[in-house]
Every structure is written in C-alpha cells, then in structure tokens.
Amino acid sequence: MFDFRYHLVSLAAVFIALAVGILLGAAISGKLGDAEDALMKDRVKSLSDQLTQEQTRSDIIERRSEAAQDLLSQAYPALMANRLEGKGFAVLFLGPVDSGVRSAVERVLADANAGSPVRLVALDTPVDPTDLDSALQSDEQLARYAEGGDDFGALGEALGRDLIVGEGTPLWTTLSSRLIEERSGTTSTPVDGAIVVQTWYEPDSPGDAEQQRRTQATESLFEGLVRGLEGDALPVVGVQATGTEADLALFREQGVSSVDDVDTLAGRLALALLLQGAQPGQYGVKDSATDGVAPPIEPVTTTTGG
C-alpha cells in the first residue's frame, strides 16, 4: 500500500506540475503576445505620424511653389518691361526650327520691348562635308575655309561673326542652298546678341562611315558658330525647353550661358536678364543648371526728363 500511495502522489505531483506549467506558459505567452501587439501598434503609429509629417511638408512645399509662381506671374510684366528696349537679336537654330521654342523666344523679346528677332536662321542638318567642301573650293573668296576634310570650325566662326555683323550676311547668302533650311528677317542690321537653339544632335548609333563624317562635320560647324557668335563679346545664350532631354553640353563646354526652361516664366525672365548682360551662367531647373534658376535681377534704369 505504501508503494502504491507513493506512486499515486508522485503521479499527482507530475500532473500538478504539468498543469502549472501550462498555466504559466499560457500566461507568459499571453503577455508576450500583448507586448508584440503593443510594439506593432507603436510602430504603425510612428510610421503613420511620419507619413502625416511628410504629407504636411509636401503640402507646404506645394503651397510655397504655387505662391512663388503666383508672385512671379504678377511681377513678370514689371520685371520685363523695357528691359531690352532698343536692342535687336539674332536667333540661330542648329537644326530645324522648334516652333515651341521659337514662340517662347519671340515672347521674351516682345515682353522686354525688343520687338521681333532681327534675323532668324535655321541650319539644314546634318552637313554634307563633300558637298560643302566642294562649294568652298569653287569660290575664290571662300576657298580659305575649305579644309579638305570634315572640320568646318573656321567656317563656323566666320558664319557666326557674319550673323552678328549683318551687312548683307555675305557668307550665309553665298552658302544658303547648302546650309540654310529656313531664314527670315533683315540681313543688313547689326545685332546686340544672339539666341541659339540646338535641335540636331549626334545620332545614338554611330552608323556607317558616311554618317560619321556628316556628324563630325556638323558638330565642328556648331562649335565654330558658337565661337564666332561670342567673338564680339555680345550676349550669346543657348536655350531649350523643359521637355528637351538632350544636354546643353555644347554651350557649357564653350563657356556660353544657357537657359534650360525657356518655355516657363522663370526661363523667359532668365533669358531676358542674360541678353541684357546679367551674370553669365547655366540657369534653369535641370541638373545642368548649376547656377540656379535665374541670374541676379538688376532693376531697369530709366531716364526722366526735367
């Protein structure tokens, strides 16, 4: 009997211990579950608070942007009025005319009281180096620009100066059938600066040998033209619209100012300021705009009788 009672007590102790363990485990598990739930809720609340803060910041930035745009819209007419009065400018498209950019440029000149472009020229691109070299060699006055290869940098410089000086633009006139796709305005009046728009770019694929020759000839002509335009220390500005993906490398490499958002109010103001002689630089809203949205704004000086 003693052994049986001892065995019974031992067995009861085991069951009691097991029950206690189960109860303790359940209690601990419940507490851990509650702790995990609380931690998860804290995390969700923290993320929700962060999202709310970011949305608030975004709303503030958007309101500031709208306020700045509204302020610029109201100030734009006063900032532009008479800024370029009495001045005339040439517009050069390095490639076919982009009607949107042309409209924006003409709007800038009109808003700043400069009137229409004195002359506009659009290049017929890409250049045919064989045909152009042949035309140069056949003309006694132009033979010195015939390199006998694909480098037309010297010709470009002469054409750039020709576009600025006017006086009938003899080089452009002589080579019009080989270089000009579109032309308007007077050829006689000198200008006070130039606006350049690059609309032709090197093809993505190198192509065959002939295409490579045309690309090299065209790019050398572009580089020469920009050098020639800035030879008289007059304002020269390269422009493009915000939707243009191509870089403004040609102007940056030549040390020429640029505006990458001429289709916006800020871009139009920046162009007018640069044409007036503001601090040179690369302006706009893209990564290439290393000098900000626009150059410092100087007041327009006017004279009053007395």
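All values reported here derive from a predicted model rather than from experimental measurement.

## Some details on the overall build of the protein
When you go through the protein residue by residue, the secondary structure sums to nine helices and seven strands. For the protein, contacts bridging at least 24 residues in sequence account for 69% of all contacts bridging at least 6. Looking at the protein as shown, the accessible area adds up to about 17000 Å², and 54% of this sits on carbon and sulfur atoms.

## Examining the environment of Leu 171
By the element assignment, Leu 171 lies in helix α5 (residues 170–174). Taking the C-alpha atoms as reference, Leu 171 lies 6.3 Å from Leu 159; in sequence the two are twelve residues apart. In this structure, Leu 171 is in contact with Leu 142, Tyr 145, Ala 158, Leu 159 and Asp 162, ignoring residues within four places of it in sequence.

## Let's talk about the sheet that holds strand β4 (residues 194–198)
Strand order in this open sheet of seven strands is β3-β2-β1-β4-β5-β6-β7, and the pairing throughout is mixed. In this open sheet, the two strands that pair with only one neighbour each are β3 (180–185) and β7 (282–283). Bridge count between strand β5 (residues 236–239) and strand β6 (residues 257–259): three bridges; the pairing is parallel. The residue bridging Gly 238 from the neighbouring strand is Ser 258, located in β6. Contacting β1 (90–94), β2 (119–123) and β4, helix α4 (residues 153–165) runs over the sheet at an angle of about 155° to β2.

## Focus on the pattern of salt bridges
Side chains carrying opposite charge are able to pair once their charged atoms draw close together. Overall, the coordinates contain eleven salt bridges when judged by the stated rule. A salt bridge links Arg 107 to Asp 111; its shortest N-O distance comes to 2.8 Å. Here Arg 107 pairs with Asp 111, and both are found in helix α2 (residues 99–111), just four residues apart, close to one helical turn. Here Arg 107 falls in the partly exposed class, since its relative accessible area comes to 41%. For Asp 111, a relative accessible area of 22% gives the class partly exposed. Each of the salt bridges in this network shares a partner with another, and the network as a whole consists of Asp 128, Asp 150, Glu 210, Arg 213 and Arg 214.

## Focus: α2
Between its first and last C-alpha atoms α2 spans 18 Å; for 13 residues at 1.5 Å apiece the expected length is 18 Å, and the two agree. Taken residue by residue, α2 has Val 101, Ala 104, Val 105, Val 108 and Leu 109 as its buried positions. Projection of α2 onto a plane perpendicular to its axis shows the buried side chains occupying an angular sector of 135°, all on one side. Structurally, the start of α2 carries an N-cap: the backbone nitrogen of Gly 100 is 3.0 Å from a side-chain oxygen of Asp 98.

## Side note on the pairing of β5
Neither face of β5 is exposed, since Val 236 and Gly 238 on one face and Val 237 and Val 239 on the opposite face are all buried. Strand direction decides the pairing type here: β4 and β5, joined by four bridges, are parallel. From the neighbouring strand, Ile 195 faces β5, where its bridge partner is Val 237.

## Quick look at the nonpolar core
Ranked by size, the top nonpolar core spans 38 residues in total, and within it Leu 155, Trp 172 and Leu 221 carry the most contacts. For this core, the secondary-structure elements that each account for two or more residues are β1, β2, α3 (129–137), α4, α5, β4, α7 (209–229) and α8 (249–253). Among the elements that make up this core, the one with the highest residue count is α7 (six residues). By size, the runner-up hydrophobic cluster in this structure holds 34 residues, among which are Leu 72, Ala 114, Val 259 and Val 262.

## Notes on the packing of α4 against α7
At a minimum axis separation of 6 Å, α4 and α7 run at an interaxial angle of 40°. Taken as axis vectors, α4 and α7 run oblique relative to one another. The hand of the α4/α7 crossing is right-handed. Across from Gly 153, Leu 155, Gly 156, Glu 157, Leu 159, Gly 160, Arg 161, Leu 163 and Ile 164 in α4, the residues of α7 making contact are Ser 220, Leu 221, Gly 224, Leu 225, Arg 227, Gly 228 and Leu 229. The residue inventory of the contact of α4 with α7, partitioned by class, reads seven nonpolar, six polar and three charged.

## Focus: α3
Every buried residue of α3 is accounted for by Pro 129, Leu 132, Asp 133, Ala 135 and Leu 136. On an axial view of α3, the arc spanned by its buried residues comes to 160°, and they lie on one face. As for α3, its buried residues are in contact with α4, α6 (176–179) and α7. Capping the start of α3, Asp 128 holds a side-chain oxygen 3.2 Å from the backbone nitrogen of Thr 130, two or three residues further along.

What counts, and at which threshold
- Residues numbered from 1 in each chain as written.
- Predicted model: local features only at pLDDT ≥ 70, side-chain atom pairs only at ≥ 80, totals over all residues.
- Heavy atoms only, no water.
- Helix = DSSP H or I, 4+ residues; strand = E, 2+ residues; numbered from the N terminus.
- Contact = heavy atoms within 4.5 Å.
- Areas by Shrake-Rupley, 256 points an atom, 1.4 Å probe, with all protein chains shown as cover.
- Pairing = 2+ DSSP bridges.
- Axes fitted to C-alpha atoms, helices over the stretch in contact; angles between N-to-C directions.
- Salt bridge = Lys/Arg side-chain N within 4 Å of Asp/Glu carboxyl O.
- Buried < 20%, exposed > 50% of the residue type's maximum accessible area, 1.4 Å probe, protein only.
- Expected span 1.5 Å × (residues − 1).
- Arc of directions from axis to C-beta.
- Polar contact = N/O pair within 3.5 Å; in protein donor to acceptor, adjacent residues only side chain to side chain.
- Core = buried A, V, L, I, M, F, W, Y, C linked by side-chain atoms within 4.5 Å.
- Parallel < 35°, antiparallel > 145°, perpendicular 65-115°, else oblique.
- Left-handed = near helix turned anticlockwise from the far one by under 90°.
- Nonpolar A, V, L, I, M, F, W, Y, C, P; charged D, E, K, R; others polar.

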